[in-house]
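Single-letter residue listing:
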Amino acid sequence: MNTEYFKIALRNLKSRSMRSWLTVLGIVIGIFLVVSLLSLSEGLKDSVMRELKMMGGDILIVYPGDGSDIVTTMMGGVELKDKEIEAIKRAEGVDIVLEMPFTGSVVRHFQETKMALIYGIDLDDGLPLLRDNMGWEMTSGEFPRPGRREVMVGNLVPKDLFPEMMVGDSINIQGKEFTVSGVLRSLGNKQDDLVIALDLDDFRSTTGKREGTPVAMVQLYEGYDAEIAAENIERELEQSMTRRRDEDSPSFSVMTSETVTNMVDSIMGTVQLAVIAFASIAILVGGIGIMNTMYTSVKERTKEIGILKAVGAKRSDITKIFLFEAGIIGIIGGIGGVVLGLLLAISVEIYFSQIHPVFYLEAHISIWLILFGLGFSFAVGCLSGFFPARQGAKMKPVDALRYE
Amino acid sequence: MENVLELKDVWKIYDLGKIKLEVLRGVSFYIKKGDFVVVLGPSGSGKSTLLNMMSCLDVPTKGQVFLDGKDVSVFSEDKLAIVRGEKIGFVFQQFNLLPHLTAIQNVVLPTLFRGTSFQEKTERAKEILSSVGLSSRLNHKPSELSGGEKQRVAISRALINNPEIIVADEPTGNVDSKTGAHIMELLENLNKKEGRTVVVVTHDAELEKFSNKIIRIRDGNLIKK
Ligand SMILES: Nc1ncnc2c1ncn2[C@@H]1O[C@H](COP(=O)(O)OP(=O)(O)OP(=O)(O)O)[C@@H](O)[C@H]1O
Ligand SMILES: [Mg+2]
């Protein structure tokens, strides 16, 4: 039965003017924002979470700075010095502390010279940690051995940085020769996959940086509670820092995989909240637009309402016809928004995966988000159509028929 | 014969603020099943208003309207709508077809609000349209039809729910006299052959000849002969 009301509504829509269609733009924009930005931010969250999953539960990350802004701290060159590393090592529950200093450096492979990110990793202590807890694996060759001037390279180095590079090749880092012992499996993000990693001692001697690391990774004794260990480390670090009051004591942060997860969650939560706020405004405007055109439509079709009532339409019948019409306008706006939103999300994904690969970003396209977008726009349409429809339904048949 | 319709002291007063416009002033009469009634009167005399009362489009300010013995003047608006859909078939001077629907869709329209099977009604609509000579115009929009054809579509629409009473407000008012005669012939057939009660409002005294009962109205009062 309702399909007939639906058909009537559709037929009415066909006779609409362009101007009345423009009023759905708000819905289109709102749903577009929701679909595109939520897909992308969910996708971003997914890829961060995927990396975090590689990091086991008994791994902590310590870095200088108060944790509110990792990027600035890392860029700002604040580092954990040997004293602090020692302090971390003293903390109860700590098994291994892995310094991970890195720096940009000129690297030459045969005739080619490029800038690359080089990492220093303690091959004795650190390698097992990275292998067992962070999922580092070789696709070809072997892990480098300490004292043999060997390096391992990220999965994209032989592809993007030095095409043709093969295991066994020698490369020159700031004038010193090394041998490529193996190529790593992809670590899930562009930056890590472009890395050249060498033994910590080699790194220190090659770069001339005698101490300091912008980040340290801590492995706990098996079964030791990560939160308690984090507190222990903080206590030790605070004590070691008060001992050198003369220097301005930088703050530091200890992150467990849980705190990282929470942080990512809260950042993404904020982003999504902002998206939803903007989208709500757009949708509200769209809803008002629909309400407006529906009032016009009811007015224009007063005579028609009179005829329908004369041939037996009840108030609820008239309401249904107009609600359907408003709902369809809403859902058409929703379809427009979903299509545009998906287009943007997929374009961004393609941009990052093929044209400008900085990191892996896969838009998280959820069928539920799409269904929600469509359902919600239909609901907004119906809601906006409610008062106009009721106004139409309330008309007295004689008055409506007399209307010219 | 039973009274299909009976009006008892029906008043319609429009409150225009300063003045109260008495359009109907205590009208009483009855119509029997199978009557062909012509309501005659000059323009502005209250014919259409009276027809609206008789066909449940409007309720009187005062007085009672009995349809099949039931006092419909106290019915709720939705109840009146149901009565209109079931028992009354309307034919208007301006045809009042929905412009974006085809002839057959216009005819089927009243069944939409009764929950009847659409498929079955489409068949019936075809039959009715054929019986008024429009079998070749089923899928034409009103804008593609002549005045006479439009009025025949309107009559078909009035018949789709098999109503007891057909009410027509100046059905020949917007067509030429030849077409008007054809429309009246159709209504006459419905009355004579199918035994339906027909009420026609007009200011054209010519149409008297079709009726077996004439109601003359002037300034809201019936004129007894
Ligand atoms: N809703 C209304 N409000 C105020 N006055 C009305 C209303 N409806 C009708 N009238 C008045 O009631 C009077 C009778 O109107 P009605 O339409 O019944 O006349 P009629 O006999 O059908 O005339 P015509 O032959 O021109 O159609 C007119 O003077 C009209 O102005
Ligand atoms: Mg009239």
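Residues numbered from 1 in each chain as written. Chains lettered and ligands numbered in written order. Predicted model: local features only at pLDDT ≥ 70, side-chain atom pairs only at ≥ 80, totals over all residues. Heavy atoms only, no water.

Novice: Describe in detail the interface of chain B and chain A, supporting the description with residues and values.
Specialist: The parts lose accessible area when they come together, and the size of an interface is often stated as this lost area. At the interface, 25 residues of chain B touch 26 residues of chain A. For the pair chain B and chain A, the summed buried area comes to about 2,400 Å², and 64% of that belongs to carbon and sulfur atoms. Among the residues chain B hides against chain A, the three largest losses belong to Glu77, His100 and Phe113 of chain B. Together they make up 27% of the total. Connecting chain B to chain A are two salt bridges. (Contact = heavy atoms within 4.5 Å. Buried area = accessible area lost by both parts, 1.4 Å probe. Salt bridge = Lys/Arg side-chain N within 4 Å of Asp/Glu carboxyl O.)

Novice: Tell me about the site of ligand 1, and name the residues and values.
Specialist: Neighbouring ligand 1 are 14 residues; Arg402 of chain A together with Ser43, Lys47, Ser48 and Thr49 of chain B lie closest to it. Residues within reach of ligand 1 are spread across chains A and B. Here Arg402 of chain A contributes a side-chain N or O atom positioned 2.8 Å from a nitrogen atom of ligand 1. In this structure, an oxygen atom belonging to ligand 1 sits 3.4 Å away from a side-chain N or O atom of Glu170 of chain B. Relative to its free-state accessible area of 640 Å², ligand 1 is covered by the protein chains to the extent of 70%. Taken atom by atom, the bulk of ligand 1 overlaps the second largest pocket. Of all elements in the fold, only β2 (20-32) and α1 (47-54) of chain B reach the threshold of two or more residues within the shell around ligand 1. Sorting elements by how many residues they give to the shell around ligand 1 places α1 of chain B first, with three residues. Residue classes in the shell around ligand 1 are distributed as five nonpolar, six polar and three charged. (Near = heavy atom within 4 Å. Polar contact = N/O pair within 3.5 Å; in protein donor to acceptor, adjacent residues only side chain to side chain. Areas by Shrake-Rupley, 256 points an atom, 1.4 Å probe, with all protein chains shown as cover. 1 Å grid on protein atoms, 1.4 Å probe; cavity = no way out; pocket = protein on both sides within 12 Å on 5 of 7 lines; lining within 4 Å. Sits in = over half its atoms within 2 Å of the grid points. Helix = DSSP H or I, 4+ residues; strand = E, 2+ residues; numbered from the N terminus. Nonpolar A, V, L, I, M, F, W, Y, C, P; charged D, E, K, R; others polar.)

Novice: So what about the side chain of Asp169 of chain A? Which residues, and what values?
Specialist: All names here are of chain A. With respect to the helices and strands, the residue Asp169 is situated in the loop between α7 (157-161) and β7 (170-173). For Asp169, the side chain forms a polar contact with the side chain of His109, separated by 2.9 Å. Reaching out from Asp169, the side chain makes a polar contact with the backbone nitrogen of Met166 at a distance of 2.8 Å. Once you skip the residues sitting within four places of it in the chain, Asp169 turns out to touch His109, Phe110, Glu164, Phe178, Thr179 and Val180.

Novice: How would you summarise a nonpolar patch on the surface if you had to cite specific residues and measurements?
Specialist: Residue and element names in this part refer to chain A. A cluster of nonpolar residues, Ile335, Val339, Leu340 and Leu343, forms a patch on the protein surface that exposes about 350 Å² of accessible area. Structurally, Val339 can be placed in helix α13 (residues 315-355). Using a relative accessible area of 45% as the deciding quantity, one classes Val339 as partly exposed. (Patch = residues over 30% accessible without salt bridge, like charges linked within 9 Å, V, L, I, M, F, W, Y side chains within 5 Å. Buried < 20%, exposed > 50% of the residue type's maximum accessible area, 1.4 Å probe, protein only.)

Novice: Describe in detail the environment of Ala154 of chain B, supporting the description with residues and values.
Specialist: All names here are of chain B. Mapped onto the fold, Ala154 is located in helix α5 (residues 147-159). With relative accessibility at 0%, the residue Ala154 sits in the buried group. Separated by 139 residues in sequence, Ala154 and Asp15 have C-alpha atoms that sit 33 Å apart.

Novice: Kindly report on the domain arrangement of chain A, identifying the contributing residues and their values.
Specialist: We note that the domain assignment places domain 1 (2-52 + 262-402) and domain 2 (102-210) within chain A. Between domain 1 of chain A and domain 2 of chain A, the C-alpha centre-to-centre distance is 52 Å. (Domains from an automatic or database assignment.)

Novice: Account for the sheet that holds strand β7 (residues 165-169) of chain B, naming residues and giving values.
Specialist: Residue and element names in this part refer to chain B. Reading across from one edge, β6-β7-β8-β3-β9-β10 is the order of the six strands in this open sheet, with mixed pairing throughout. Two strands bound the open sheet, and with one partner strand each, they are β6 (88-91) and β10 (221-222). Examined bridge by bridge, β7 and strand β8 (residues 197-202) share five bridges and lie parallel to one another. Looking at β8, one finds that Ala168 is bridged to Val200. Sheet strands in contact with α1 are β3 (36-40), β6, β7, β8 and β9 (213-218), and its direction is about 160° off that of β8. The strands touched by α5 within the sheet are β6 and β7, with β6 carrying the most contacts at an inclination of about 170°. (Pairing = 2+ DSSP bridges. Axes fitted to C-alpha atoms, helices over the stretch in contact; angles between N-to-C directions.)

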